[in-house]
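Structural features, examined
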Amino acid sequence: MTFNDIFKSSFLENVTSVSMLDMAVALVLAFGLGLFIFLVYKKTFTGVMYSSSFGVTLVALTMITTVVILAVTSNVVLSLGMVGALSIVRFRTAIKEPLDIAFLFWSIAVGIVLAAGMIPLAVLGSLVIGAVLLVFVNKKSHVDPYIVVLQCAGHESETRAQAYLERCAERCTVKSKTARKGAVELNMEIRLRNDDTDFINTLAEMEGVDSAVLVSYNGDYMG
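Residues numbered from 1 in each chain as written. Predicted model: local features only at pLDDT ≥ 70, side-chain atom pairs only at ≥ 80, totals over all residues. Heavy atoms only, no water.

Remarks on the overall build of the chain
Scanning the chain from N- to C-terminus turns up eight helices and four strands. Going from the N terminus to the C terminus, the chain shows its helices and strands as α-α-α-α-α-α-β-α-β-β-α-β. A burial count over the chain gives 30% of its 223 residues as buried. Within the chain, counting contacts between residues at least 6 apart in sequence, those at least 24 apart form 67% of the total. (Helix = DSSP H or I, 4+ residues; strand = E, 2+ residues; numbered from the N terminus. Buried < 20%, exposed > 50% of the residue type's maximum accessible area, 1.4 Å probe, protein only. Contact = heavy atoms within 4.5 Å.)

In structure tokens form, the structure reads like this:
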């Protein structure tokens, strides 16, 4: 009995099913495109807390997907077993930013396309996707919406504060109003003419205004 006869599942035959050149080229390209995805993510990040580990995950995910698909495409039986194995995997980490989902899917898609041998599609597609993200994600809106939360002592201070906001902002709309004895709380949507937010300081110092808070729609306090 030879050593080959011990492995009846043709384990040794699968060793050469994917050539070393194919593996090297696929992994190098996966690393390069994964690094490109990571750089685009870093440039287009608009969240509150940047996570470098997520960027590294994008590179690793591209390479891991490439390895898995290379194995699957080389063996039909293995592909069926891989589907069953991956079906039990559950990811518990919550994705806080919707755009992060696009980057994860982008990394997986590049790994699949590379392992399938469609190198021009993977490279050109990544360049186009990266350019689109850089243009649209970093494009600043001409008029940014904010919410001003005002706490006033009464009707007169409320009227003065609202008139002042209407002079400073391009547009001012009352979203909600809560009135209690001796206190009025206003939530107003405003559109700034520019990025200057110093008016909120003046507003907070007005007579009869207890507090003034400027909040962006993504929940970041500006003043």
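Notes on the pattern of salt bridges
What the rule picks out here adds up to four salt bridges. The shortest N-O distance in the salt bridge between Glu189 and Arg171 comes to 3.6 Å. Linking Glu189 in strand 3 (residues 183-192) with Arg171 in strand 2 (residues 169-180), this pair joins segments that are 18 residues apart in sequence. Taking the shortest distance from any N to any O, the salt bridge between Lys175 and Glu189 comes out at 3.1 Å. Placement of the pair is Lys175 in strand 2 and Glu189 in strand 3, with a sequence separation of 14 residues. Residue Lys175 is classed as exposed on the basis of its relative accessible area of 51%. (Salt bridge = Lys/Arg side-chain N within 4 Å of Asp/Glu carboxyl O.)

Re the environment of Leu186
Tracing the backbone shows Leu186 in strand 3. Residue classification places Leu186 among the buried positions, given a relative accessible area of 1%. Linking Leu186 and Gln151, residues 35 residues apart in sequence, is a C-alpha distance of 6.5 Å. Those residues in contact with Leu186 that sit more than four places away from it in its chain are Val148, Val149, Leu150, Glu158, Val174, Ser176 and Lys177.

Overview of helix 5 (residues 98-115)
In this model helix 5 runs 27 Å from its N-terminal to its C-terminal C-alpha over 18 residues, within 8% of the 26 Å that 1.5 Å per residue would give. All of the buried residues along helix 5 are Asp100, Phe103, Leu104, Trp106, Ser107, Val110, Gly111, Val113, Leu114 and Ala115. Just past helix 5, the residue Gly117 takes up positive phi, approximately 90°. (Expected span 1.5 Å × (residues − 1).)

Things to note about the pairing of strand 2
Pairing geometry for strand 2 and strand 3, over ten bridges, is antiparallel. Paired with Arg180 across the two strands is Ala183, which belongs to strand 3. Hairpin connection from strand 2 to strand 3: two residues lie between these consecutive antiparallel strands, with Gly182 at a positive phi of about 80°. (Pairing = 2+ DSSP bridges.)

A few points about the nonpolar core
Formed by 20 residues in total, the largest nonpolar core has its most connected members in Val148, Leu150, Ile190, Phe199 and Leu203. Taken together, the elements giving at least two residues each to this core come down to strand 1 (145-152), helix 7 (155-168), strand 3, helix 8 (199-204) and strand 4 (209-216). By residue number, the principal contributor to this core is strand 3, which donates five residues. Among all residues touching Val148, those that are not within four sequence positions of it are Leu165, Leu186, Asn187, Met188, Ile190, Ile200, Leu203, Val213 and Leu214. Counting residues in hydrophobic clusters, the runner-up holds 15 residues, among them Phe103, Val110, Leu114 and Leu133. (Core = buried A, V, L, I, M, F, W, Y, C linked by side-chain atoms within 4.5 Å.)

Everything listed here is a matter of coordinates, which is why it stays silent on function.
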